[in-house]
Amino acid sequence: MWRLPRALCVHAAKTSKLPGPWSRPAAFMSTLLINQPQYAWLKELGLREENEGVYNGSWGGRGEVITTYCPANNEPIARVRQASVADYEDTVKKAREAWKVWADIPAPKRGEIVRQIGDALREKIQVLGSLVSLEMGKILVEGVGEVQEYVDICDYAVGLSRMIGGPILPSERPGHALIEQWNPVGLVGIITAFNFPVAVYGWNNAIALVCGNVCLWKGAPTTSLISVAVTKIIAKVLEDNKLPGAICSLTCGGADIGTAMAKDERVNLLSFTGSTQVGKQVALMVQERFGRSLLELGGNNAIIGKAVLSFLFSVHIFYNRHPEYMELVMDRPGNYVEPTIVTGLGHDASIAHTETFAPILYVFKFKNEEEVFAWNNEVKQGLSSSIFTKDLGRIFRWLGPKGSDCGIVNVNIPTSGAEIGGAFGGEKHTGGGRESGSDAWKQYMRRSTCTINYSKDLPLAQGIKFQ
């Protein structure tokens, strides 16, 4: 086992049982960071010591008050009052009423509102990116990059708002037109994970809005301040345009709110980002009511090449899920794990087939292309993969039917990062959902095949005649 010298910040779960500074009780911590002069910038985002975690046109919240922490030092940042089940019910009703207004607005006009949301995010990109770094734990440049992704998908959605449409198909019957009509599904529930607390919501929100849907967001409890700050930015745009704030609703909360969303027939599409284990439960609850789900679940990405590449991770680790990595935890304030390279394991080792959420790289030696392609595809996850090669034939075999079975298949670039113009998502246990660009917009709409008879006759298809 080799260890690289650089230590990277990771995030301990609130329920961590670890001894030492990373699990000290809040009573022994300093005052809230938001009250300290060096963090006064948090108030530029409209945050305060205790924040309301429900927005449906007005701010509120009658649920549990939670404290969010900075994973770099375990200092408390601020508090958020979460949604109760009653808050959730009120918010869903208001969101569905708001849809009646939003759906009547022409798509290009909806695009104009999304453009304004993107501009509002641009104005706050540095301070919002700093909050992502502070509360989530990733490095600042990645925090700012997340906000930039939201800005970019807003720009993309503005153009999309003038391009959404179905084809006019040739009819076999004279005097008939055959068309596809696309309409919004209605209310889109969005449950996001801690590791991308801005970008994933942005991918869903911007596209869902221009398609004519309203959104209900539940972010991860550990990044509740980010959810509140983003929603405040969006809410101002809606209010300035005299639109119902419930078009972009927020219910901060835990598993009770997530379960309510999954079981609620009024939620026409549920986009869920999280672990495969929880995703299976969500999928079953949604399918039980014959609802729609968009799942972006676990990943376990492989890079195929002739040498080990330098790697940069900005990650969280849940110690209660991965106690086997305890020895990698560094003895220092905060929650840090040493980047680690592991050799000597078999390609089918169970630990290598498990999504770790830690800066651990497993290195395997392979004999030939066929063998290593099979190793890439034998894991249950199917998010992203990459190969480094100058062999043109190998590139196209890698991209072809016997190559990588992932949703993202790269050549000569790493597996991390994705441009918003392409659809993001994976196969197999990654869930099969697609967000962001390409034709991912279709998941936020329902399709009708429409036949219009403008003749004076009433012919049947397939030439059928009743004598």
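Reference entry: report on the structure contained in this document. Numbering of residues begins from 1 in every chain and follows the order in which that chain's sequence is written. In view of the model being predicted, local features appear only for residues whose pLDDT reaches at least 70, and side-chain atom pairs are presented and counted only at 80 or more, with totals across whole chains, interfaces and linings using the full set of residues. Note: side-chain values were computed over all heavy atoms of the structure, leaving out hydrogens and water.

1. Comments concerning the packing of helix α2 (residues 107-123) against helix α4 (residues 140-160)
Then, number 1: To get an axis, a line is fitted to the C-alpha atoms, and for a helix only the part in contact is used. The angle between two axes follows their N-to-C directions and goes from 0 to 180 degrees. Helix numbering and strand numbering both begin at the N terminus, where a helix is a DSSP run of H or I of at least 4 residues and a strand a DSSP run of E of at least 2. One way to put it is that α2 packs onto α4 with a least axis distance of 8 Å and a crossing angle of 160°. With respect to α4, the axis of α2 lies roughly antiparallel. Helix-helix and strand crossings are classified by hand; for α2 and α4 the assignment is left-handed. On the side of α2, the interface is formed by G111, V114, R115, I117, G118, L121 and R122, while α4 contributes V147, Y150, V151, C154, D155, A157 and V158.
Then, number 2: Partitioned by chemical class, the residues of the contact of α2 with α4 number 9 nonpolar, 2 polar and 3 charged. Orientation labels follow simple angle bins: below 35 degrees gives roughly parallel, above 145 gives roughly antiparallel, 65 to 115 gives roughly perpendicular, and whatever is left gives oblique. Here is the rule for handedness: rotate from the far helix to the near one, and if that takes an anticlockwise turn smaller than a right angle the crossing is left-handed, while a clockwise turn gives right-handed. Contact definition: two residues touch when any of their heavy atoms are within 4.5 Å. Residue classes follow a fixed rule: Ala, Val, Leu, Ile, Met, Phe, Trp, Tyr, Cys and Pro count as nonpolar, while Asp, Glu, Lys and Arg count as charged, and any other residue, Gly among them, counts as polar.

2. Remarks on the sheet that holds strand β9 (residues 176-184)
Then, number 1: Each pair of strands is called paired provided DSSP finds at least two bridges between the two strands. Spatial strand order, β8-β9-β25: 3 strands in an open sheet with antiparallel pairing. Each edge of the open sheet carries a strand with a single partner, namely β8 (168-169) and β25 (445-453).
Then, number 2: Bridge analysis of β8 against β9 gives 2 bridges, and the strand direction is antiparallel. For L169, the partnering residue across the bridge sits in β9 and is L178.

3. Let's talk about the side chain of T223
Then, number 1: Mapped onto the fold, T223 is located in the loop between β11 (214-218) and α6 (224-240).
Then, number 2: Exposure is judged per residue with a 1.4 Å probe applied to protein chains only, and the accessible area is read against the type maximum: over 50% gives exposed, under 20% gives buried, and values in between give partly exposed. Under the relative-accessibility criterion, T223 is labelled buried at 1%.

4. Considering the pattern of salt bridges
Then, number 1: What counts as a salt bridge is simple: a side-chain nitrogen of Lys or Arg found within 4 Å of a carboxyl oxygen of Asp or Glu. Applying the stated criterion across every chain, the model contains 20 salt bridges.
Then, number 2: Among the salt bridges present, the one from R62 reaches D90, with a minimum N-O distance of 3.0 Å. With R62 in the loop between β5 (59-60) and β6 (65-70) and D90 in helix α1 (residues 85-102), this residue pair connects regions lying 28 residues apart in the sequence.
Then, number 3: Two residues, E112 and R115, come together in a salt bridge whose shortest N-O distance is 2.8 Å. Taken together, the residues span about one helical turn, with E112 and R115 both in helix α2 at a distance of 3 residues.
Then, number 4: Classification of E112 as partly exposed rests on a relative accessible area of 30%.
Then, number 5: Overall, R115 belongs to the partly exposed group, its relative accessible area being 32%.
Then, number 6: Here the salt bridges share partners, and the residues they tie into one network are E112, R115, D119, R122 and D155.

Scope: geometric values only; no functional claims are made or implied.
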